[in-house]
Amino acid sequence: MVLVSATLYFGRIVFEPVAFVLFSMALVEPIRKKAEGRFGKGIALTLSILLTFLVLSILVGAVVWSIGDIVHWGLANVDRLQALYVRMMQWLQERDLFVGDLEGLNSFSVSSLLKTVAGYVNYLLGFALVVILFLAFGLAEMDDFRLKLIAIDKKITGWSLLATCERIAEKIRKYMLIRTLASVATGVAVFLFTLSVGLELALAWGVISFVLNYIPYVGPLVAVILPVIFATAQFESWQMALFIFGALYLIQFIIGSYLEPILTGNALAISPFVMLLAFLIWDFLWGMPGAFIGLPVTIALFTIWQQNPSTRWIADLMSTAEAASAPPSTETGGA
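Residues numbered from 1 in each chain as written. Predicted model: local features only at pLDDT ≥ 70, side-chain atom pairs only at ≥ 80, totals over all residues. Heavy atoms only, no water.

The next subject is the overall build of the protein. Looking only at helices and strands, the protein features 14 helices and zero strands. The 335 residues of the protein split such that 42% are buried. Taking all contacts inside the protein whose residues are at least 6 apart in sequence as the whole, residues at least 24 apart take part in 71%. Put simply, the protein shows about 18800 Å² of open surface, and 72% of that area lies on carbon and sulfur atoms. (Helix = DSSP H or I, 4+ residues; strand = E, 2+ residues; numbered from the N terminus. Buried < 20%, exposed > 50% of the residue type's maximum accessible area, 1.4 Å probe, protein only. Contact = heavy atoms within 4.5 Å. Areas by Shrake-Rupley, 256 points an atom, 1.4 Å probe, with all protein chains shown as cover.)

Overall, the coordinates contain five salt bridges when judged by the stated rule. As a salt-bridge pair, E166 and R146 come within 3.1 Å of each other at their nearest N and O atoms. Placement of E166 in helix α7 (residues 161-197) and of R146 in helix α6 (residues 142-153) is noted, with a sequence separation of 20 residues between them. Given a relative accessible area of 31%, E166 falls into the partly exposed group. Its relative accessible area of 19% is what places R146 among the buried residues. (Salt bridge = Lys/Arg side-chain N within 4 Å of Asp/Glu carboxyl O.)

Now for the packing of aromatic side chains. Counting across every chain of the model gives eleven aromatic pairs. A centroid spacing of 6.2 Å and a plane angle of 20° characterise the contact between F245 and Y249, whose relative ring orientation is stacked. Of the two residues, F245 and Y249 both sit in helix α10 (residues 238-264), four residues apart, roughly one turn of that helix. Ring centres of Y249 and F253 lie 6.4 Å apart, and the angle between their planes is 20°; this geometry places the pair in the stacked category. In this pair, Y249 and F253 are both assigned in helix α10, four residues apart and thus about one turn of the helix distant. You can call F253 partly exposed: its relative accessible area is 43%. Counting every residue linked through ring pairs, the aromatic cluster contains F20, F23, F210, Y214 and F292. Looking at R12, its charged tip hangs above the ring of Y9, at a distance of 4.4 Å from the centre. (Phe/Tyr/Trp six-rings, centres within 6.5 Å; stacked < 30°, edge-to-face > 60°. Lys NZ or Arg CZ within 6 Å of the ring centre and 35° of its normal.)

Taken together, Y217, V218, L221, V222, I225, L226, I229, L276 and L280 make up a surface patch of nonpolar side chains, about 690 Å² in accessible area. Looking at the nonpolar patch, the elements with two or more residues in it are α9 (218-235) and α11 (272-286). Of the residues forming the nonpolar patch, the biggest block, six residues, is contributed by α9. Within the element layout of this structure, I225 appears in helix α9. On the accessibility criterion, I225 (38% relative accessible area) is partly exposed. (Patch = residues over 30% accessible without salt bridge, like charges linked within 9 Å, V, L, I, M, F, W, Y side chains within 5 Å.)

This part covers the nonpolar core. Ranked by internal contacts, the top residues of the largest apolar core, which has 39 residues, are I172, I270, W282, W286 and I293. The set of elements that each furnish at least two residues to this core consists of α2 (12-39), α5 (107-140), α7, α11, α12 (288-307) and α13 (312-318). Residues contacting W286, with those up to four places away along its chain left out, are L8, R12, F15, E16, A19 and I293. Judged by nonpolar contacts, the second largest core, of 31 residues, contains W73, L201, L212 and L248. (Core = buried A, V, L, I, M, F, W, Y, C linked by side-chain atoms within 4.5 Å.)

Looking now at the packing of helix α3 (residues 41-76) against helix α8 (residues 202-212). At a minimum axis distance of 9 Å, the contact between α3 and α8 shows a crossing angle of 130°. Looking at the two axes, α3 sits oblique to α8. Taken as a pair, α3 and α8 cross one another with a handedness that is left-handed. Judged by residue contacts, L59, A62, V63, W65, S66, I67 and I70 of α3 engage L203, A204, W205, V207, I208, F210 and V211 from α8. (Axes fitted to C-alpha atoms, helices over the stretch in contact; angles between N-to-C directions. Parallel < 35°, antiparallel > 145°, perpendicular 65-115°, else oblique. Left-handed = near helix turned anticlockwise from the far one by under 90°.)

Our focus in this paragraph is α11. Across its 15 residues, α11 extends 21 Å between first and last C-alpha, which sits within 8% of the 21 Å expected from 1.5 Å per residue. In the core, the buried residues of α11 are packed alongside α1 (2-10), α2, α9, α12 and α13. Trailing α11 by a residue or two, G287 shows a phi angle of about 70°, which is positive. (Expected span 1.5 Å × (residues − 1).)

Right, dumping it as structure tokens:
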């Protein structure tokens, strides 16, 4: 485990795009197969790539626009942010909770911070292009890979690699569908609330909440804290900031901690504690990309261990009590 973790950590520049490509293939493959039946292999592949590129372009474009709007607001209101920082540091110093330079936040430091965020967005754009390129090659060889899995299945007994891969793809699609529905609901609710209370950049906060909800645990927390900081600078009232914090947290709690688990049901059957531990591990290994892709990777590993008789006990330890007590699946998949 130490050697594998070290390999994943130091080789993340290679393994990260590969993981995202496999994840994207699981989502796009049904569309490619359906289009192939109507238009042929070449056209189906082209349409799948174009559709993936369009979806990624819309998501990345929305994120870039939202962050750009926030950056412009921050640069135009540096004085407000600096005054907020000074008041907060004074409050902490009066209670002997912090000793620091009250002038530490200036226009230069704010600009540097915002430029760092913009640089990270540019990195994500390049990363998305690399994933698209590898995805094109992966989808083109999907049929050949399926034939290889069928050939391997004839040589092994007890479980089917092809059925396992299909089950992984199915679970990942369910996971992303539920996560997307929850993200849309969160984004709309945040937009309507911030618009109703008069918080500036309401649309940007809605888009940011929608995108960050795809990153479990940390994403919703950041999506709450950011608007509260800007609300404190805009309204210059801690009561208003506290009210906005409570309302945004309530939205995240109702959707993320109540409605989303109900929608998920037995689709994953993985213990919440294991999911949290997996998130922390993948975030440590791969940073923010790992925080996003970590749970789909964990779902894939869980499904492999669940389907293989010799490792099913590991899946039972990771699963919920109801799933662990259920009889093992007898699905073997088809050619």
